[in-house]
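Inside the fold
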Number of protein chains: 2
Amino acid sequence: MGIELKIQPLRYVLAVWEEGSFHGAARQLHRSQPALSMAIRDLEERLGQPLFEKSLKGQLTPFGEYCLPRFRELIRQHDRLARDLQHVAHGQQGRVTLATVPSVASRLMPGFLAAFIAEYPDININLHDENAEFVCRMVANGEVDLGISSVWAQDEHLSYTHLFEDNIGVVLHRDHRLANRDSLQWHELEKERFIANGTSRLLKNTAAASLVDNNDFYISNMISLLAMLEAGSGITTLPRLAFPVDNRKLCFVPLSEPKLVRQIGIIKPANRSLSPSAQALERVILKRLTGVTGWPA
Amino acid sequence: MGIELKIQPLRYVLAVWEEGSFHGAARQLHRSQPALSMAIRDLEERLGQPLFEKSLKGQLTPFGEYCLPRFRELIRQHDRLARDLQHVAHGQQGRVTLATVPSVASRLMPGFLAAFIAEYPDININLHDENAEFVCRMVANGEVDLGISSVWAQDEHLSYTHLFEDNIGVVLHRDHRLANRDSLQWHELEKERFIANGTSRLLKNTAAASLVDNNDFYISNMISLLAMLEAGSGITTLPRLAFPVDNRKLCFVPLSEPKLVRQIGIIKPANRSLSPSAQALERVILKRLTGVTGWPA
DNA sequence: AATAGACCATAAGCATAGCTTATCAAAAGT
DNA sequence: ACTTTTGATAAGCTATGCTTATGGTCTATT
């Protein structure tokens, strides 16, 4: 192999040429003059040719003139790379892809992302909304950097950072006989027409499993589901976060005894680390949830 | 300013990735494993982000994957530059421009250049032929790297390396009454019709000055000059090297008492050094003139 | 399970690269 | 002739970059 050029001596050569003297360059670079003399002499020996004339000091040899623009170019490329990597490493540049369950995407992410782009304006964001199972799968497959979801299943390859608990409750028409209660128990719903939805799987293997086990209604689309409920055609369960805040015809009554919650947290790959920009997003989310604001609106 | 990347640790990262392990890379690079560990840890700290996963060793982090191709690119550019500069420094690549007097260009340069391109096939050559004065001017102005000529005038900015002496003699027709002499003296030519040429200025300020001072013939073009002489229309003087070896109608008779010579040598700029390729050409010329061959044919 | 082997991290020690200050010699300005 | 400015050189210090030795962890093997 050939020789190994170090970046620093190349800078020295450049500075000497610009300043026209070793002393001037040394002053500019906050180095002593012998430092430059020695570094440049070493470089000249490595190359096998002097770069500066021995008589008219500060003047380049023809070989030096050949080298100078090439030195400048390598330095330029080095500096560009160093700056770029710094930016990326500090999460000031790059791309985050994340997947969340729809309720988080519509209720929490707008706030999170507003805060995020305020702090990191040059990061591109890619947000998918999927059900909890799919969110976990996408994280596990590396299709997204991170997810916000309830834990779907214990998975070796996923790590879970808890954010908050989301109460599960009954959604029913305001005119319903149970609508004004502070809380409800499962057995009070046995006679109601239950419409299952995508979040109903949260009831499986719980005390309330019977609600969803034997029924014929299932509506995955949230708009359709709400329309059914608004028409008074039945009741359903939803996590509180999934219940639209501004709905006038429906109300949300928490269930109790046993109280049922879904755990919402950040899903990350267990064995890989996050990209710097994903780390930045995670920091922003954690700060907003554990900071002064406390519980999200 | 940002950080300063060194080339070597980047190579380490690349090798670890290629080998899939620190140990393997260390073996390949003839370094100990801790050397890599420490160098890479240092790099990671400078960047502010780990490049390799802390759990699955030898695996890149997303940030590492971002960095890897960029590292490779910088290394590639570094190596290309290093190789290029090595070539140029050792005169194995580049361009030489030189100027010589016509006699040297036609009689000596073919041999010199043949030897030169055999040894340095990748150097471009640029050969000008001009009179001695102009050769010196071109060297002084930096229009050419070096010249081969007689010294025209003492010049601060030029350095002269002597190569050989070139006898000046009379050129006349074979049928001329003086044609068979071993040597001639100036006064024997007084009655002859003298045709001056570009080299006649060599006679100025010598014992033979009178020959050129009062005459009406001057022919600068060598072909025309020789045609005149072959027609028996006069005589001239030439340095021996300028006299065509294979001419059948003319002959060359050296002048003596005082013997007159021109000094031929290499003209270089005094204060600038030569480009590496020009140095290489100079070496070849000196070797051929001082080597076994001795006097040129 | 226990053990051996492979891997990476850490610690201690050493050579040298890269800088400093001090001094010298040469050239340029006064 | 003298002062100033410049680059080279010498001696010395510190940090870098390596080494060997050792310890901890994970995986594969028995």
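Keep in mind the model is a prediction, meaning the values are calculated, not measured. (Residues numbered from 1 in each chain as written. Chains lettered and ligands numbered in written order. Predicted model: local features only at pLDDT ≥ 70, side-chain atom pairs only at ≥ 80, totals over all residues. Heavy atoms only, no water.)

**Remarks on unusual backbone geometry**
For clarity, the cut-off: Think of it this way: any DSSP run of H or I at least four residues long counts as a helix, any run of E at least two long counts as a strand, and we number them from the N terminus.
Even without a glycine there, the phi angle at A:Asn205 is positive, about 60 degrees. Here A:Asn205 shows up in the loop between strand E6 (195–196) and helix H8 (209–213).

**Let's talk about the relation of the copies chain A and chain B**
Cut-off, in case you're wondering: Superposing copies: least-squares fit, C-alpha atoms only, residues required to have pLDDT of at least 70 in both. For this analysis, residues touch if any pair of their heavy atoms sits within 4.5 Å.
Least-squares fitting of chain A to chain B yields an RMSD of 0.3 Å, with the transformation described by 0.0 Å of translation along the axis and a rotation of 180 degrees. Here the two chains are linked by the operation of a two-fold rotation axis. Within chain A, A:Lys6 has its C-alpha nearest the rotation axis, a separation of 3.3 Å. Residue by residue, 100% of the interface of chain A is reproduced at the interface of chain B, so both copies engage with the same surface.

**Comments concerning the interface of chain A and chain B**
Cut-off, in case you're wondering: Accessible area, probed at 1.4 Å, shrinks when two parts are joined; the buried area is that loss added up over both. Basic side-chain nitrogens of Lys or Arg form a salt bridge, by our definition, when they fall within 4 Å of a carboxyl oxygen of Asp or Glu. Each polar contact in these results corresponds to two N or O atoms within 3.5 Å; when the atoms are within protein, one needs to be able to donate a hydrogen and the other to accept it, and residues that are neighboring in sequence are counted only if both atoms are side-chain atoms.
On the side of chain B, 43 residues touch chain A, which itself brings 43 residues to the contact. When chain A packs against chain B, close to 3,600 Å² is buried across both sides, 57% of that on carbon and sulfur atoms. The interface formed by chain A and chain B holds 6 salt bridges in total. Residue A:Arg11 pairs with B:Glu4 through a salt bridge whose shortest N-O separation is 3.1 Å. The tally of links between chain A and chain B comes to 14 residue pairs in polar contact (both at pLDDT 80 or more). Of all elements in the fold, only helix H1 (7–19), helix H3 (33–47), helix H4 (62–89) and helix H10 (276–290) of chain A reach the threshold of two or more residues within the side of chain A that touches chain B.

**Let's talk about the protein's contact with DNA strand D**
To keep it simple, the criterion reads: A molecule or strand has a residue near it when one of that residue's heavy atoms lies within 4 Å. Just so you know the grouping, Ala, Val, Leu, Ile, Met, Phe, Trp, Tyr, Cys and Pro go in nonpolar, Asp, Glu, Lys and Arg go in charged, and all remaining residues, Gly too, go in polar.
Close contacts around DNA strand D come from 18 residues, with A:Phe22, A:His23, A:Ser37, B:Tyr12 and B:Ser32 the closest. Here a phosphate oxygen of DNA strand D sits 2.8 Å away from a polar atom, N or O, in the side chain of B:Tyr12. Side-chain polar atom of B:Arg31 to a phosphate oxygen of DNA strand D: 3.4 Å apart, as the coordinates give it. With 4 residues, the single largest contributor to the surface near DNA strand D is H3(A). Residue composition of the surface near DNA strand D, grouped by class: 6 nonpolar, 7 polar and 5 charged.

**Examining the side chain of B:Asn247**
Residues and elements named next belong to chain B. Structurally, Asn247 can be placed in the loop between strand E8 (236–239) and strand E9 (250–256). Side-chain polar atoms of Asn247 contact the backbone nitrogen of Leu250, separated by 2.8 Å. Look past the residues within four positions of Asn247 in its chain and what remains in contact with it is Arg174 and Glu230.

**A word on the domain arrangement of chain A**
Residue and element names in this part refer to chain A. Our working definition: How far each domain reaches was decided by an automatic or database domain assignment.
In terms of domain boundaries, chain A breaks down into domain 1 (7–89), domain 2 (94–163 + 262–290) and domain 3 (166–261). A C-alpha centroid distance of 27 Å is found between domain 2 and domain 3. Tallying the contact residues gives 11 residues for domain 2 and 12 residues for domain 3. The largest contributions to the domain 2 side of the interface with domain 3 come from Arg107, Trp152 and Arg262, which together make up 70% of the buried area. Summed over the shared surface of domain 2 and domain 3, the result is 2 salt bridges.

**As for the UniProt feature "domain: HTH lysR-type" (unreviewed entry) in chain A**
Convention followed: UniProt positions are given in the numbering used here, feature names are shortened, and annotations may be inferred rather than shown by experiment.
Here the UniProt feature "domain: HTH lysR-type" (unreviewed entry) sits at residues 5–61 of chain A. Helix makes up 63% of residues 5–61 of chain A and strand 0%, and the two end C-alpha atoms of the span are 19 Å apart.

**Let's talk about helix H10 (residues 276–290) of chain B**
Owing to its 3.6 residues per turn, the α-helix brings residues three or four apart onto one side. Heads up, the rule is: In a helix, the anticipated span is given by 1.5 Å times the number of residues less one. Exposure is judged per residue with a 1.4 Å probe applied to protein chains only, and the accessible area is read against the type maximum: over 50% gives exposed, under 20% gives buried, and values in between give partly exposed.
The first and last C-alpha atoms of H10(B) sit 21 Å apart over 15 residues, in line with the 21 Å expected at 1.5 Å per residue. Among the residues of H10(B), those classed as buried are B:Pro276, B:Ser277, B:Ala278, B:Ala280, B:Leu281, B:Glu282, B:Val284, B:Ile285 and B:Leu289.

**What to know about the packing of helix H6 (residues 109–119) of chain B against H10(B)**
Residue and element names in this part refer to chain B. Keep this limit in mind: Between N-to-C directions, angles cover 0 to 180 degrees, with each direction set by a line fitted to C-alpha atoms, over the stretch in contact for helices. Geometric relationships in this document are graded by angle, where less than 35 degrees denotes roughly parallel, more than 145 denotes roughly antiparallel, 65 to 115 denotes roughly perpendicular, and other angles denote oblique. Helix crossings get a hand from a simple test, with the near helix turned counterclockwise from the far one by less than a right angle marking a left-handed crossing and a clockwise turn marking a right-handed one.
For the pair H6 and H10, the least separation of the axes is 10 Å and the interaxial angle reads 125 degrees. As summarised for this structure, H6 and H10 are arranged oblique, according to the angle between their axes. H6 and H10 meet at a crossing whose hand is right-handed. On the side of H6, the interface is formed by Gly111, Phe112, Leu113, Ala115, Phe116 and Glu119, while H10 contributes Ser277, Ala280, Leu281, Val284, Ile285, Lys287, Arg288 and Leu289. Each residue belonging to the contact of H6 with H10 can be placed in one class, and the counts come to 9 nonpolar, 2 polar and 3 charged.

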